[in-house]
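Letter by letter, the chains look like this.
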Amino acid sequence: MYDYFMEKLIYQMFICGTGEYLDEALSIGLGGVIFFTRDIQSNKQFQNLIKQINGKSIIPPFLSIDQEGGRVERTENIHKRYLSPRFAFKKGEKFLEEQTEKIANELREYGINLNFAPCADVNTNPDNPIIGERAFSDNTEEVIKGMSIVSDVYRRNGIIPCVKHYPGHGDANSDSHLTLPQIDLPMEIMEEIHIAPFKNAVENNIEMIMAAHLHCTCFDKDSVPSSLSKNAVGYLRNTLKYDGIIISDDMVMKGVQAYGSTEAVIMGINAGLDMFIFRDGDKKTIDIINNVVKIVEKDNRLKEKVKKSNERIKKLKETYQII
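## Here's the deal with the overall build of the chain
The helix and strand tally for the chain stands at 12 helices and 10 strands. On C-alpha atoms alone, the chain measures out to a radius of gyration of 18 Å, which is about the 20 Å that the 2.2 N^0.38 rule sets for 323 residues. With respect to the principal axes defined by its C-alpha atoms, the chain has extents near 60 × 50 × 35 Å. Classification of the 323 residues of the chain by burial places 60% in the buried group.

This is the structure we're talking about:
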C-alpha cells in the first residue's frame, strides 16, 4: 500500500529549481524552491513568480537563492552586482554589514526566506578555481568574523543563513561542478584552519550547513564525497554536536554524480543529510524523488531518518514563521 504520509515527508527533504514539474512537486509537499538568474528578470516578475509558487504549495516552502555578492549572484538582470565577500570584507566590517543589509532588504522584498550564504571557506589555495573571492579571507579568524556579520544580518531580517561548503572548500584545486576535488590534509590542519569556522557557526546556533561534494582524506581513505560520507556528516553531528539542518550542495554537480542520483540521495540520508538540492524542477528530478520514496518505504531505518530530518525542517520553518 502506497504511503502518502511518507511521500510527503520525503518531498519535504528536497529543494528544487523551477521547471515544468515544479507545480506537481509543490502539490505533493516539496520542501523548497531555489531560484537562479533565469528566474529573475524584474522585481515585479519575480515577486509574482514567488506568489504563484506559494499559491501552489500545500506546505509553505523554503524560498531560496545563492546571493553571496560578486561572482555568485542571481539578480544581475535587475541591477549591477554587489561586491564579492572578499572585497566587501576588505572595505571593513561596517561596509560588509551595510552591503549585506541591502542584499537582505532586497531578498525580503521578493519573499526569499533562505539564502545559501555566507561561505565559511578559508581560501588557502590561491589557485582555487571555485572559491577565490567568494571567501572572506585566507585567514580563519577573518573568515569567522565575516561569516558571523553576514549571518547575523540575515537573521535579523528574517532570512535563514546557510553556511557553506562544509568541511571547507578553500584548499581545493578543482571545481566540484566538474569533478570530485580531493583535499589531502591531516585532520589537525582541517580542524585548525578549515573546520574552525563551521565549529564557530555551530556554537552560535547556525540554522543550516551545506555539505560540499569533495573528498577529504581525513574523513575517508576511499573516494567518497563529504556530502555523502557517514564520517564527515557524523563529525558534524557527533563531534561538533550539531542538530540543525545539513543540506547537500546541488546534486547534479559532477562531484557527486558518479553514484547515480537516486543512490546518492539514499547514501546522503544514511550519512545524516536532511535536505537535497536539485537545480531543475523537471521530470528527471521528480522521478528521483519518487524512486527514493519507494526505497524508503521498504526500510524502517531510513524511515526513522526521514522523520528525524522532518522534525528539523518543521522546527526551522516554525522558527522563521514559514507556516
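Alright, that's what it looks like, and here's the rest.
## Some words on unusual backbone geometry
Across the junction of Ala117 and Pro118, the peptide omega takes the value 5 degrees, indicating a cis bond. Along the chain, Pro118 falls in the loop between strand 4 (114-115) and helix 6 (140-156). Cis peptide bonds are those with omega within 30 degrees of zero, and the linkage from Tyr166 to Pro167 qualifies with 5 degrees. For Pro167, the location among the structural elements is in the loop between strand 5 (160-166) and strand 6 (182-183). At Asn205, a residue that is not glycine, the phi angle is positive and equals roughly 60 degrees. Structurally, Asn205 can be placed in the loop between helix 7 (187-203) and strand 7 (208-211). At Gln321, a residue that is not glycine, the phi angle is positive and equals roughly 55 degrees. Tracing the backbone shows Gln321 in the segment after helix 12 (300-319).

## Observations regarding helix 8 (residues 230-239)
All buried positions along helix 8 are accounted for by Ala232, Val233, Gly234, Tyr235, Leu236 and Arg237. Taken together, the buried residues of helix 8 touch strand 5, helix 7, strand 7, strand 9 (245-250), helix 10 (261-271) and helix 12. At the C-terminal side of helix 8, Lys241 shows a positive phi close to 60 degrees.

Here is what the cut-offs are and how they apply
Residues numbered from 1 in each chain as written. Predicted model: local features only at pLDDT ≥ 70, side-chain atom pairs only at ≥ 80, totals over all residues. Heavy atoms only, no water. Helix = DSSP H or I, 4+ residues; strand = E, 2+ residues; numbered from the N terminus. Rg over C-alpha atoms; globule rule 2.2 N^0.38 Å. Buried < 20%, exposed > 50% of the residue type's maximum accessible area, 1.4 Å probe, protein only. Contact = heavy atoms within 4.5 Å.

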